[in-house]
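A closer look at the structure
Now for the letters of each chain:
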Amino acid sequence: MSAFFRVAWIVMKKDLTVEVRSLEIVSTTVFFAVTVVLMFSFGLVVEGRAVRDVAPAILWIASAFSATLALGRTFERERLNDTVLALLLAPSDRPALYVGKLAGILLLLALVELFLVPLVGLLFNAPIFAHAGRLFLLLAGGSLGFCAVGTLFAAMLLRARSRDVLLPIMLYPMTVPVMIAGVRGTAALLQPAPDLAMAQFWLGLLGAFDVVFVVLALWTFEPVMTD
Amino acid sequence: MATGRLKAASICLCMLLSGPAFAQPQPPKDFVAVDESQPGEQIPALPLMAGAYGFIWVVLLGYVWSVGRRLQKVEGELAELEARRK
Amino acid sequence: MSRSTWYLLALAAGMFAVAPWIINAAPNEATMGLVYKIYFFHMPSAWMFLVSAIVAGVASIRFLFFRKPTADHWAVAAAELTVLFGAFTLVSGPLWARKAWGVWWQWDPRLTSSLVLFLMFIAYNLLRRYGGPGSDKLGAGMAIFAMFNVVFVWVSVNYWRTIHPPTSVVPSLPVAMGIPLWFCVTAFTLLFIVLLRMRARLEHQRARVEALYLAEES
């Protein structure tokens, strides 16, 4: 069992080490998220005031777009350097590779959201610190769900043609429950009279989704990545 | 060939059924322009019905014809390959 | 094509040919009049849409986990049929809604969930078409995910909509309307079986042709 987590840790550490040296994916993804928020702002701010309830939507959509890009580029890096074969040949549990990759991408997304949440709170006057704990849990649950499915699909698409457009095509319909739960849960927290029970419900749904899909991904990673 | 006739038939069906679908009447003049009209009397049912059934029939026939044609082609290829092997 | 498939095709075609008369004989509905009759094709399409999705998921599990190569042929066929019947459902639904609700589209839980499932299987078909080699395994993984996701999509869309009052789409049917409905359900089920077998056979024959070409080269 510990061998599994050791492999996952090594894979994650490798990704983080490469990333810390160049900071390429982190910096560009964070800035991409900021530009997405800006685009939405110009679309949704009318007469100097934002349309009601728009902050949660922008937060989650910007996160989803950033995550999609980050997923594509993390695996692209593997493909370009031909390290995929090495990873797959390694005498370790294949699912451990998946967990390592997932952990790395989650850390990256967490960093992006660390920038996004205050930015959205600032631009749209959203009370992000009112229920910060629950907001954090929602974001964590949603990011895990989104990235769990995304990491599997991105890994699957590594050797496919048209992979850069196929990832969003496959990922977005599949993660509709995550987006709905995330946006509605965040909206319940950020609205003038917060509905904590509703937020709790959506958090529960996210938790169930995460459990089911991480387990599914662990099951399917091995047969899908084997030729 | 049978498939050629099927193709012609489905094209005729398409043309027949698209007629009522395009013959939408103008909305009455005293109707204030609102996105959602009142459900019921103003919208004639027949174009909607024709559209729904017509779409299903045309696409269905088209799909059956397409699968049949591809199946024919592949089975021909298969027969040729198996004859070559003998 | 096998003889039983021909018989089923003839039977399904016959039932579809007769269907317009049987549907015409059904009485008009009290509030919606004539247009509710779209339902006789809309509901069986929706059922076959869901059945097809499940068949695709199950076949994908057999292909991916039980290593049955022919299961992939059934998965491809079922996924294509899911898009076909999904298109029927999502076109006939709004055409009916236009008269019944006054609008083309409402974010009704059932329609929205159907749309999401529909998009997932369009993605599957795009993947199979343009993903290149290896996309059979990828597609299988995706179809399995889609199958498990149905519950989550339904629950999330349902609760997303609870702010607005839910609109009852399906009226409770009296017997006179039940007969044409079940006739159409039977016709659509036969059609689904026939199309599934034909389309799976196409995949199977293609695989055989490929195998023969490979054998020739070696």
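Each helix and strand in chain B was counted, giving two helices and zero strands. When burial is assessed residue by residue, chain B has 10% of its 86 residues classed as buried.

Another aspect to go through is the overall build of chain C. Tallying secondary structure elements over chain C gives six helices and zero strands in all. Sequence-ordered secondary structure for chain C, helices as α and strands as β, is α-α-α-α-α-α. Projected onto its principal axes, the C-alpha positions of chain C cover 70 × 45 × 25 Å. Out of the 218 residues in chain C, the part that is buried amounts to 45%. Put simply, of all contacts in chain C between residues at least 6 apart along the chain, 80% involve residues at least 24 apart.

Counted at 1.5 Å a residue, the expected span for helix α8 (residues 176–190) of chain A with its 15 residues is 21 Å, and the 21 Å between its end C-alpha atoms agrees. Burial within α8(A) is extensive, with 15 of its 15 residues counted as buried.

So, on to helix α1 (residues 2–22) of chain A. If you check α1(A), its first and last C-alpha atoms are 30 Å apart, about what 21 residues at 1.5 Å a residue would give, namely 30 Å. Leu23(A), located one to two residues past α1(A), shows a positive phi value of around 55°.

On to the interface of chain B and chain C, then. Contact residues are listed per partner, giving 23 residues for chain B and 28 residues for chain C. When grouped by side-chain class, the residues that make up the side of chain B that touches chain C number 16 nonpolar, three polar and four charged.

As a further point, take the interface of chain C and chain A. Chain C puts 28 residues into the contact, and the matching count from chain A is 25 residues. Looking at the side of chain C that touches chain A, the elements that each hand over two or more residues are α2 (39–65), α4 (109–130) and α5 (135–160) of chain C. Classifying every residue of the side of chain C that touches chain A by side-chain character gives 20 nonpolar, seven polar and one charged.

On to the environment of Pro118(A), then. Summarising the element assignment, Pro118(A) is placed in helix α5 (residues 94–124). The spacing of Pro118(A) and Ile128(A) is ten residues in sequence and 7.4 Å in space, taken between C-alpha atoms.

Another aspect to go through is the confidence of the model for chain C. As a note on interpretation, predicted positions should not be read in detail where pLDDT is low. Residue and element names in this part refer to chain C. Chain-level pLDDT for chain C is 85 on average; 91% of the residues reach the 70-or-more range. No element of chain C has a lower mean pLDDT than helix α1 (residues 3–25), which averages 85, and none a higher one than α2, which averages 92. The low-confidence segment residues 163–170 (pLDDT under 50) makes seven contacts with residues lying over four places distant or belonging to another chain. Confidence metrics for the complex model read pTM 0.81 and ipTM 0.83.

Residue and element names in this part refer to chain C. Taken N-terminus to C-terminus, the directions of α2 and helix α3 (residues 69–100) make an angle of 155°; their axes are 7 Å apart at the nearest point. Relative to α3, α2 is oriented roughly antiparallel. The way α2 lies across α3 gives a crossing that is left-handed. Considering only residue class, the contact of α2 with α3 consists of 19 nonpolar, nine polar and two charged.

What follows covers the nonpolar core. Counting 150 residues, the largest nonpolar core has Ala52(B), Ala75(C), Ala78(C) and Ala143(C) as the members making the most contacts within it. Looking at this core element by element, the count peaks at 15 residues for α3(C). Once residues lying within four places of it in the same chain are set aside, the contact partners of Ala78(C) are Ser52(C), Val55(C), Ala56(C), Ala59(C) and Leu196(C).

Another aspect to go through is the environment of Ser63(A). Residue and element names in this part refer to chain A. Tracing the chain through its elements places Ser 63 in helix α3 (residues 54–80). Measuring from C-alpha to C-alpha, the distance between Ser 63 and Pro 223 comes to 30 Å, with 160 residues separating the pair along the chain. Look past the residues within four positions of Ser 63 in its chain and what remains in contact with it is Leu 109, Val 112, Glu 113, Leu 116 and Ser 143.

Residue and element names in this part refer to chain A. At a closest axis distance of 10 Å, the pairing of α3 and helix α6 (residues 132–156) adopts a crossing angle of 30°. Classed by the angle they form, the pair α3 and α6 counts as roughly parallel. Crossing of α3 over α6 shows right-handed handedness. Contact residues: α3 offers Trp 60, Ser 63, Ala 64, Ala 67, Thr 68, Leu 71, Gly 72 and Phe 75, while α6 offers Gly 142, Ser 143, Phe 146, Cys 147, Gly 150, Thr 151, Ala 154 and Ala 155.

Here chain B shows a mean pLDDT of 67. Residues at 70 or above account for 51%. Note that pLDDT drops below 50 for residues 14–40 of chain B; the model gives that stretch 28 contacts with residues more than four away or on any other chain.

Time to look at unusual backbone geometry. In this structure, Leu23(A) is a non-glycine residue whose phi angle is positive, near 55°. Looking at the element boundaries, Leu23(A) is found in the loop between α1 and α2 (24–44). Even without being glycine, Arg67(C) reaches a positive phi, approximately 55°. Tracing the chain through its elements places Arg67(C) in the loop between α2 and α3. The exposed category is assigned to Arg67(C), around which 9 C-beta atoms lie within 10 Å.

Thresholds applied
Residues numbered from 1 in each chain as written. Chains lettered and ligands numbered in written order. Predicted model: local features only at pLDDT ≥ 70, side-chain atom pairs only at ≥ 80, totals over all residues. Helix = DSSP H or I, 4+ residues; strand = E, 2+ residues; numbered from the N terminus. Buried ≥ 20, exposed ≤ 12 C-beta atoms within 10 Å, placed from the backbone. Contact = placed C-beta atoms within 7 Å. Expected span 1.5 Å × (residues − 1). Nonpolar A, V, L, I, M, F, W, Y, C, P; charged D, E, K, R; others polar. pLDDT = per-residue confidence, 0-100. Axes fitted to C-alpha atoms, helices over the stretch in contact; angles between N-to-C directions. Parallel < 35°, antiparallel > 145°, perpendicular 65-115°, else oblique. Left-handed = near helix turned anticlockwise from the far one by under 90°. Core = buried A, V, L, I, M, F, W, Y, C linked by C-beta atoms within 7 Å.

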